[in-house]
Amino acid sequence: MSISTADVIVTSPGRNFVTLKLVTSDGVVGWGDATLNGRELAAAAYLRDHLVDTLIGRDEDRIEDTWQYLYRGAYWRRGPVTMAAIAAVDMALWDIKAKKAGVPLYQLLGGASREKLRVYAHASGNDYAALSQAIRGYVEEGYTAVRIQTGVPGLDSVYGVSATAKPGEKYDYEPAHRSARPDEEEWDTPAYLRHVPTIFEKVREEFGPELRLLHDGHHRMSPIEAARLAKSLEPHDLLWLEDATPGEDQDAFRLIRQHSTTPLATGEVFNSVYDYQTLITERLIDYVRSAPTHTGGVTGMKKLLDFAGIYGIRSGLHGPTDVSPIGMAAALHIDLAIHNFGIQEYMPHSDLTLETFRTSYTFDRGFLHPGDTPGLGAELDETLAAQHPYTPAYLPVNRLLDGTLHDW
Ligand SMILES: [Mg+2]
């Protein structure tokens, strides 16, 4: 049998998603996710204009060979657009193979290594009262791990905190605004470094020692600033400090490690195992943060996590709402199967997104499970998708108070 059709579908049920649909000559359908937030049409064009014709007639069972054909065969390796396009093809092929076998994908990856997947929620607030109410809401829902993002006095908007959120309101943070050009935000690292440890002290005081706490620095600190924050947060026992400094400078993490035992996570903007090479072999991080959607799919992510596992580094896969439910499903099957699972990020998609994409994964008291539907257990309703055309939307850019462009 072989691949007979390949269609690229860009839809925007609340936000933009890029989906690949493969159909085999005997009618088996496979779905893949190539969503690249703010650059969706580049990933769609890569698939449509450069990959689709090479897929028709290929044996759908040859997943590793197809992955290598698209990765090595392009000559131009790596990069987020290339790796998102490869990811979509790879996920769709795994979906087809698992459907043909009549098993959920995790069974083909070695079977379940655990019963369920611990996830972390996103709590934020412009002040402590709002943040505390958000955390309490998640704890009542059964979450055992919460990412804490706080407003900073003197700054109008801060990454991870909704400017319009009401106290206790959840699932509210959507940074990619629908507009022809990005919003501009402002930033002041000294104010942030002074404020954040005081918030974590209050959270520990109110919620006790057992709740797992996480924080995302979102690439905004220099290495020595990151070291200072990691050191100042040590008494508050974080599960991880994420993206403390821009990760493409892998050597910079040595400096943070020299100063602190706060566990470190990075990699949501990475797309290849080579982006992690120094970080993993020198044990400079504790968690891998990529998403299968941006890392060459199930095949690319398995290679990366197997490599990390040799060095005792665990998964903390990216699970924002800017990967589609198909990409999220792929992450959950990998999480369930690998030995070195750490935790999974979980930001539920909107109701509109979940009407347009149907999934088999389930949430129960702070834990996810991919479900036992054959394949990935996620698919796109093409009729509904057609009702929501692509709308330009971009992540913000960020400037220091004097106007200098900074990392967002
Ligand atoms: Mg992050």
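Residues numbered from 1 in each chain as written. Predicted model: local features only at pLDDT ≥ 70, side-chain atom pairs only at ≥ 80, totals over all residues. Heavy atoms only, no water.

## A look at the coordination of the magnesium ion
Next, step 1: Protein coordination at the magnesium ion: the donors are Asp216 (OD), Glu242 (OE) and Glu268 (OE), at 2.0 to 2.2 Å from the metal.
Next, step 2: For the magnesium ion, all donor residues lie on one chain, and their spacing in sequence is D-x25-E-x25-E. Placement of the pair is Asp216 in strand E8 (residues 212–216) and Glu268 in the loop between strand E10 (264–266) and helix H9 (277–281), with a sequence separation of 52 residues.
Next, step 3: Overall, Asp216 belongs to the buried group, its relative accessible area being 2%.
Next, step 4: Taking relative accessible area as the criterion, Glu268 reaches 12% and is therefore assigned buried. (Donors = N, O, S within 2.8 Å, 3.2 Å for Na, K, Ca; no water. Helix = DSSP H or I, 4+ residues; strand = E, 2+ residues; numbered from the N terminus. Buried < 20%, exposed > 50% of the residue type's maximum accessible area, 1.4 Å probe, protein only.)

## Considerations on the packing of helix H2 (residues 63–71) against helix H10 (residues 297–310)
Next, step 1: Their axes nearest at 9 Å, the elements H2 and H10 cross at an angle of 90 degrees. Put simply, H2 runs roughly perpendicular to H10. Residue-level contacts link Ile63, Glu64, Trp67 and Gln68 of H2 to Thr299, Gly300 and Lys303 of H10.
Next, step 2: For the contact of H2 with H10, the per-class residue count stands at two nonpolar, three polar and two charged. (Axes fitted to C-alpha atoms, helices over the stretch in contact; angles between N-to-C directions. Parallel < 35°, antiparallel > 145°, perpendicular 65-115°, else oblique. Contact = heavy atoms within 4.5 Å. Nonpolar A, V, L, I, M, F, W, Y, C, P; charged D, E, K, R; others polar.)

## Considering the domain arrangement of the protein chain
Next, step 1: Domain assignment breaks the protein chain into domain 1 (3–104) and domain 2 (108–373 + 398–406).
Next, step 2: Centre-to-centre, using C-alpha coordinates, domain 1 lies 26 Å away from domain 2.
Next, step 3: Summing both sides of the interface, domain 1 and domain 2 together bury roughly 2,700 Å²; the carbon and sulfur share of this comes to 59%.
Next, step 4: Taken together, domain 1 and domain 2 are joined by two salt bridges.
Next, step 5: Of the charged contacts, one joins Lys303 and Glu64 as a salt bridge, the two residues approaching to 2.9 Å between their closest N and O atoms.
Next, step 6: For the interface between domain 1 and domain 2, the tally reads 16 residue pairs in polar contact (both at pLDDT 80 or more).
Next, step 7: Broken down by secondary-structure element, the contributors of at least two residues to the side of domain 1 that touches domain 2 are strand E2 (17–24), strand E3 (29–33), H2 and helix H3 (80–101). (Domains from an automatic or database assignment. Buried area = accessible area lost by both parts, 1.4 Å probe. Salt bridge = Lys/Arg side-chain N within 4 Å of Asp/Glu carboxyl O. Polar contact = N/O pair within 3.5 Å; in protein donor to acceptor, adjacent residues only side chain to side chain.)

## Some words on the confidence of the model for the protein chain
Next, step 1: Here the protein chain averages 96 in pLDDT, while 97% of its residues score no lower than 70.
Next, step 2: Within the protein chain, the lowest mean pLDDT, 86, falls on strand E6 (residues 177–178), and the highest, 99, falls on E3. (pLDDT = per-residue confidence, 0-100.)

## Focus on H3
Next, step 1: The first and last C-alpha atoms of H3 sit 31 Å apart over 22 residues, in line with the 32 Å expected at 1.5 Å per residue.
Next, step 2: Just downstream of H3 lies Gly102, where phi reads positive at about 75 degrees. (Expected span 1.5 Å × (residues − 1).)

## Points about the environment of Arg48
Next, step 1: Looking at the element boundaries, Arg48 is found in helix H1 (residues 40–55).
Next, step 2: For Arg48, a relative accessible area of 44% gives the class partly exposed.
Next, step 3: As for Arg48 and Pro389, which are separated by 341 residues in sequence, their C-alpha atoms are 17 Å apart.
Next, step 4: Not counting chain neighbours up to four residues away, the residues in contact with Arg48 comprise Val8 and Val10.
Next, step 5: In terms of polar contacts, Arg48 uses its side chain to reach the backbone carbonyl oxygen of Val8, at 3.2 Å.

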